[in-house]
Structure formats: C-alpha cells, structure tokens
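What follows is the residue order along each chain.
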Amino acid sequence: VLSMCGLAKEHTQARDQEKNPWHVTISIRRPGRGFEHCKGSLVSEYYVLTAAHCFTIVDKAEEITVTLGENQRFEVAAVRSHPLYQIGKLKDRGISEFYDYDVALVKLAKKVIPSVSARPICLPCTAGTTRALRKPHPQTTCRNHEELLLTIGNVPSFFVTDCKHEDVQAKGLSRKTVKIRNSEKKIGCEADAKKASQYVNVTDVSQVVTERFLCTGGADPEVDPNTCKGDSGGPLIIPKRQRYIQVGVISWGVVDVCRNRKLPVCETGRNRHEGFPAHARDFHINLFKVLPWLREELRDEGLDFL
Ligand SMILES: CO[C@H]1CCN(Cc2c(C)cc(C)c3[nH]ccc23)[C@H](CO)C1
C-alpha cells in the first residue's frame, strides 16, 4: 500500500502535510541575494516535479534545498529542466519571458521513505493512475487517462497555496479550487494572456500560450482564485474518488495577486486582494504534453508508464 500514489488523509483534523503528502517547498539560495522559493510535488522516491523557471542556468544543486512538510529537508543531487525550456527565446520579438516547456525534475540526494506525510502524487499515463482511477490494467490507455481527466468544458481541479492562520500565526496549506478551461472556454481564457504586463508586444496569443498550457481562472460562472509567483512549480491536481492525479505544473499568471503582500490568510483568502480582475488567468504546463520527457527522466523510478 505504501507505494500507492495520490493517497492522502481526508479527515479535517489531519495535518496539512498529511492531506497533501506530496507537497514540497524548494528553496534556492542566491549568494548575496537571499532565497527564492518555489513549490513542487513528490512524484517518485527520488524525484520532485516543479517549474523550470524556478532555476537559473547558474544555480547549482548545492544551493537548493527541498523541504517536505515542515521539517523533512533533503539535499539535491541534480536539477533537470525540460530541454525545450528557454525563457529568453522570444526576446528579439520584445517578449521578455517565454514559459513554454516550463517544467523541471529535481533529483533528491536520498530516497524519500513513504509515510502519512510523504507520498508521491499520481502522474498521468502510469499504472498507478490506472489503479487510482479504478480502471483495468493493462487495458486502460494513456488516451483513456486524458479522456477521463481532461474532460470537455470546465474541469474541477485545485492547487495548494501556503497561507497564514490569522489566529495561531501558524503557516498552513490551503486548497484553491479552480476550473481548467477546456473546449469553448479555453479561447477566452487564453486571450487574457495578452493582459499580462510583459506581453504588450504580443500580437497573436498563441505566441506565448502554446499547446503545452492548461488555463485556469476567470469569473465564469464564479470567480476562480489565482496563483501567486510563490506558487510556481506546484501541482495542478484533479481529485477522483479521494485519489489525486497531477495534470499540470503551475507556470505563470497574468496578475500576481500576492505581490508586496504578506502571505494570504488561510481559507478566507482575504490577503489575496479581493476583486482581482476577471482577466487574471493562470497557466500550467499540461503533463500530457511532456510525456516523452517524463518517461525518459523517470524511467528507473518504477512508475510503470503505459
Ligand atoms: C510575462 O509576465 C507575466 C507572466 C509572469 N507573471 C509573474 C508570475 C510568475 C512568474 C509565476 C506565477 C505562478 C504567477 N502567478 C501570478 C503571477 C505570476 C508576471 C507578473 O504577474 C506577468
């Protein structure tokens, strides 16, 4: 049972890390400039999946620490960004940041021992996800996973953000439910990318919102919460009958709703300034679009890719 992916404690009294046992915080020490933080997800015994933009080409493994929950710290053996990730690729067209293929795998220096507060999340097109979806193995295909998870219309999903419990001054994790804008809603969602400050020169939105992205946010039918820069690299998760499957990696957003604000307050989300504009959308790398890279990098992790 310990090797089952995407299994978490459900009761309200469970600790945040037991409810989200794959949640990791990645701290990158920048000599002379303090720390940068990102989120990530445990996807196997040795690997954490995150966003490539959390790292620069000069970051070294020794400068990176991965924390599981409040206190399980891991050193890092290697960082492997997707080979097609190139944030400066469109600079000569006046587009300063380009987030295509914004994914990276961080190899931990030692194996994670599975426990109630340390367990991998399920990845698409693995036998673990077939089991989590209660479908027959090996009859169920990767295409079936995509049809079952990324259905037509607004797909309910969530990401996790850290927040401050106003009363107890403790930090916590809060789930933010968002809808993945599929089919006809997708166009409107992607069009709002042009409202991002650095994208004024973008003529055709498909220049910056490529096939690799899932789009969330907006106000239809109700307002979706938005990501903050600090949420970069965290998983976009689809819950299915109390099992959790990661379908995206948080990459970028149009509006940083936490900019120069303290941590958002848990649950009430009051500090994520209210009434952020309907065009505040968030973009996540769709894991179904980077499968060859995932298979290759995780080939020795026993994940049984389909
Ligand atoms: C091209 O510039 C645009 C994209 C990046 N945005 C920053 C950003 C990053 C980097 C990552 C995550 C997860 C974010 N969530 C909300 C904002 C945000 C800027 C400023 O909002 C606008």
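Residues numbered from 1 in each chain as written. Predicted model: local features only at pLDDT ≥ 70, side-chain atom pairs only at ≥ 80, totals over all residues. Heavy atoms only, no water.

1. Details of the nonpolar core
Heads up, the rule is: By nonpolar core is meant a set of buried Ala, Val, Leu, Ile, Met, Phe, Trp, Tyr and Cys residues that side-chain atoms within 4.5 Å join together. Under the scheme applied here, a residue whose accessible area is under 20% of the maximum for its type counts as buried, over 50% as exposed, and between as partly exposed, the area being computed with a 1.4 Å probe on protein chains only. Secondary structure elements are taken from DSSP: a helix is a run of H or I of four residues or more, a strand is a run of E of two residues or more, and numbering for both begins at the N terminus.
By size, the foremost hydrophobic cluster in this structure holds 88 residues, and its most contacted members are Ile-26, Leu-49, Val-66, Val-247, Trp-252, Leu-294 and Leu-298. Sort the elements by how many residues they give to this core and strand β11 (residues 243-253) lands first, with 6 residues.

2. Some thoughts on the site of the ligand
This is how the line gets drawn: Residues are classed as near a molecule or strand on a simple rule: at least one heavy atom within 4 Å of it. Pairs of N or O atoms within 3.5 Å make up the polar contacts considered here, provided that, within protein, one atom can donate a hydrogen while the other can accept it, and that residues adjacent in sequence are counted only when both atoms are side-chain atoms. Methods summary: accessible areas were calculated by the Shrake-Rupley approach with a probe of 1.4 Å, and residue burial reflects only the protein chains presented. Residue classes follow a fixed rule: Ala, Val, Leu, Ile, Met, Phe, Trp, Tyr, Cys and Pro count as nonpolar, while Asp, Glu, Lys and Arg count as charged, and any other residue, Gly among them, counts as polar.
Lining the immediate environment of the ligand, one finds 17 residues, of which Gln-198, Thr-227, Ser-232, Gly-253 and Val-255 sit closest. A distance of 3.1 Å separates a nitrogen atom of the ligand from a polar backbone atom of Gly-253. One nitrogen or oxygen atom from the main chain of Asp-256 is found 3.4 Å from an oxygen atom belonging to the ligand. Its free accessible area being 480 Å², the ligand has 94% of it covered by the protein chains. For the shell around the ligand, the class distribution of residues is 8 nonpolar, 6 polar and 3 charged.

3. Some points on helix α3 (residues 142-149)
Our working rule: In this description, one arc is meant: the one made by directions from the helix axis to the C-beta atoms. Should any heavy atoms of two residues lie within 4.5 Å, those residues are considered in contact.
Within the span of α3, buried status applies to Cys-142, His-145 and Leu-149. An end-on view of α3 places all buried positions within 50° of arc, on one side of the element. Of the surrounding secondary structure, the elements contacted by the buried residues of α3 are α2 (127-132), β7 (154-165), β10 (235-240), β11 and α5 (291-297).

4. Details of the environment of Ala-278
Looking at the element boundaries, Ala-278 is found in the loop between β11 and β12 (281-286). Considering only alpha carbons, one finds Ala-278 and Ile-250, 28 residues apart in sequence, at a separation of 19 Å.

5. Some thoughts on the sheet that holds strand β1 (residues 23-30)
Our working definition: Here a strand pair is declared whenever DSSP counts at least two bridges between the two strands. Axis lines are fitted to C-alpha atoms, over the contacting stretch for helices. Their N-to-C directions set the angle, which ranges from 0 to 180 degrees.
Spatially, the 6 strands close up into a barrel ordered β1-β2-β3-β6-β5-β4, and their pairing is antiparallel. Going across the sheet, the axis of each strand differs from the next one's by a mean of 40°, ignoring polarity. Note: strand β3 (residues 47-50) against strand β6 (residues 104-108), 4 bridges, orientation antiparallel. The partner of Val-48 across the bridge, within β6, is Val-106.

6. What about the state of the cysteines?
The condition is simple: Two cysteine sulfurs form a disulfide in these notes if their separation is within 2.5 Å.
Under the criterion given, the structure shown has 5 disulfides. Covalent S-S linkage joins Cys-5 and Cys-122, the inter-sulfur distance amounting to 2.0 Å. Disulfide Cys-5 to Cys-122: torsion about the S-S bond roughly 90°, handedness right-handed. Highlighted residues: Cys-5 in the segment before α1 (16-19) and Cys-122 in the loop between β6 and α2, separated in sequence by 117 residues. The residues Cys-5 and Cys-122 share a single accessibility class, namely buried. Each sulfur in the disulfide pair Cys-125 and Cys-142 lies 2.0 Å from the other. Disulfide Cys-125 to Cys-142: torsion about the S-S bond roughly 60°, handedness right-handed. Pair noted here: Cys-125 is in the loop between β6 and α2 and Cys-142 is in helix α3, with a separation of 17 residues, a long-range link. Taken individually, Cys-125 and Cys-142 each receive the classification buried, so the pair is uniform in this respect.

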